[in-house]
Structure formats: C-alpha cells, structure tokens
Amino acid sequence: MGTLYIVGTPIGNLKDITYRAVEILNSVEIIACEDTRVTKKLLDHYSIYGKKLIPYHEHIEEEASDRIVQILKEGKDVALVSDAGTPCISDPGYRVVKKAWEQDIKVVPVPGAFAGAVALSASGLPSDKFLFVGFLSNKEKKKREELEHYKRLGYTFIVYESPNRLLKTLSLYREILPESDLVIAKELTKIYETFVRGKTGEVYNFFEQNPEIIKGEFVIICHPEEKEEFNQEEIIEKAKKLKEKGFKIREISKLLSKETGQPKNQIYKLLLNNL
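Residues numbered from 1 in each chain as written. Predicted model: local features only at pLDDT ≥ 70, side-chain atom pairs only at ≥ 80, totals over all residues. Heavy atoms only, no water.

A. Spotlight on the sheet that holds strand S1 (residues 3-7). The five strands lie next to each other as S3-S2-S4-S1-S5, forming an open sheet whose pairing is parallel. Because the sheet does not close on itself, it has two edges, and the strands there are strand S3 (52-55) and strand S5 (106-110). Neighbouring strand axes in the sheet, compared pairwise and without regard to direction, differ in orientation by 25° on average. By the bridge criterion, three bridges tie S1 to strand S4 (residues 78-80) in an arrangement that is parallel. If you follow Tyr5 over to S4, its bridge partner there is Ala79. (Pairing = 2+ DSSP bridges. Helix = DSSP H or I, 4+ residues; strand = E, 2+ residues; numbered from the N terminus. Axes fitted to C-alpha atoms, helices over the stretch in contact; angles between N-to-C directions.)

Right, here's the structure in full:
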C-alpha cells in the first residue's frame, strides 16, 4: 500500500509552506489537486518537476477518489493538496481520505495554513473557544436560523463568504447580531492583506461604501454580544401576557427563546412550574 499525504499549502504568500511539505511534494510521484494550474504554479516556484497531477475537485470527487485509492493500493504514494490551505477544510478531499481509511491505507497529515485560524489569530476577538463554520447556507431562511443558533452559543464563530454574497450576508449579521464585534479578513498573507473591524453595522457600511474592494474570498469572524442575564421574573411576566392571548407553553417558549437568546428548553421548564 502507498501512503496518502494530506499536505497543507500556502493561502497566499508562497513562502508560507513548511520544509516538510516541500519534501513530501518532492518525494511523491503523484499529486491530487483541485486545479492543476494552481498547483503547478506552486511546484514551479519550488522547482518541483516531473510529477503526475490528478484533478480532484467537487464535480468529480467520487470518480477521482476511486482512482486515487486504486493508485494507493498499487503501492504508490499520493499527496493531496487544495488550491490554498489545508485540504478537506471547506475544500474537497474528505471522500478520498475516508475511502483510504476503509482500505487500511496509511493517511499522514502534513500541517499547513488554515485561513480561519490565521484570521482569528490576528482578529483580537476571544479565541479561547471558537467554532469554525465554513460557508453558511445559500438559502436566506436557513442562513438566518444558522446565525440565530451561533448567536445563542455565545462564542466566536468563523465563516467563509464569497464576494457576490458578502453584502447580503453582512446585512443579516447587522440585523441578527447588531451589537456584536465583527472582523473581516481578505487577501490574507498577500500584499494587500486587509482587516476590517467594528460592530456589524459599521462593517456593513464600510463595504457598502467601498464596493471596489469586494473581491476574492472573505473570512468573517464574529463574537456575539453578551447574553442578557436570565431574568426569570421578566420572562414569566411576558409569558403570562402571551398565555392570555391564547398561546400554548411550547409556543411561548419558542417565542421568548428567540427574543431573549435563552435556551428554549430552559424557558419551557421555567414556565411549566410557574404558569
């Protein structure tokens, strides 16, 4: 059996690659990559020649993963890379890794850059506990639900976004997380690396007024505003008024959960004992 190496590559600056990654790319015969043109640019920069490049992207994942596993079973080593950063993190790759494990093929990670962590490290937002989300849903209703959920969790969360959806997504942040701290990073590790910081409304206004810089992919890092203290008396009073209007306890719990950001089950238990 060959070995499948999961190789992290630069997210912008071509110098941001480990000695070990270059060594592995030099040693393998075959490199599976998202875009052969992007990978060839990296290989040329480090004078790595004579490699067989196999395209591996979301449109051909199933077929390509079977082909790669077959190559590995023939005893040849394969390096899996993405266009930028660590493979399988909001990028294609996990299917071939899963199939390799199923066939008892050795999988070896070769650490590298990860745009979410890079942006978080320089954001100035709390990073002791954070959630990496990747891309939010394309559907507005689902995206709203996701942001409401992450708001209730109360800790920093990281989202990727494309330029054509940036303003629409930021408008939802402004609506759902109005007092939250937001940092947006673009062109990470490149010459025009940019960080935009502020409350959600301030960040939205900045990009609305500067549409010419809405290019490339963005990392959005948000730390939700602090939750209000769970005021039982206030919640019970609001619940009584809703009950007088004919709402049932489960309906009331759902409504007050959205209003206060408190867990629905916690409110439901409180109301069962006090209404």
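B. Broad picture of the pairing of strand S2 (residues 30-33). Here S2 shows a buried face lined by Ile30 and Ala32 and a second buried face lined by Ile31 and Cys33. Pairing between S2 and S3: four bridges, direction parallel. By the bridge assignment for S3, Ile30 is matched with Lys52. The pairing of S2 with S4 spans three bridges and is classified as parallel. The partner of Ala32 across the bridge, within S4, is Leu80. (Buried < 20%, exposed > 50% of the residue type's maximum accessible area, 1.4 Å probe, protein only.)

C. Representation of the nonpolar core. With 22 residues, the main nonpolar core has Phe157, Leu170, Tyr173 and Phe207 as its most contacted residues. Broken down by secondary-structure element, the contributors of at least two residues to this core are helix H6 (140-153), strand S7 (156-161), helix H7 (166-176), strand S8 (181-186), helix H8 (200-209) and strand S10 (218-223). In terms of residue count, the dominant contributor to this core is H7 (five residues). Core analysis: the second largest hydrophobic core is formed by 18 residues, Leu4, Ala32, Val97 and Ala100 among them. (Core = buried A, V, L, I, M, F, W, Y, C linked by side-chain atoms within 4.5 Å.)

These results come straight from atomic positions and should not be treated as a statement about function.
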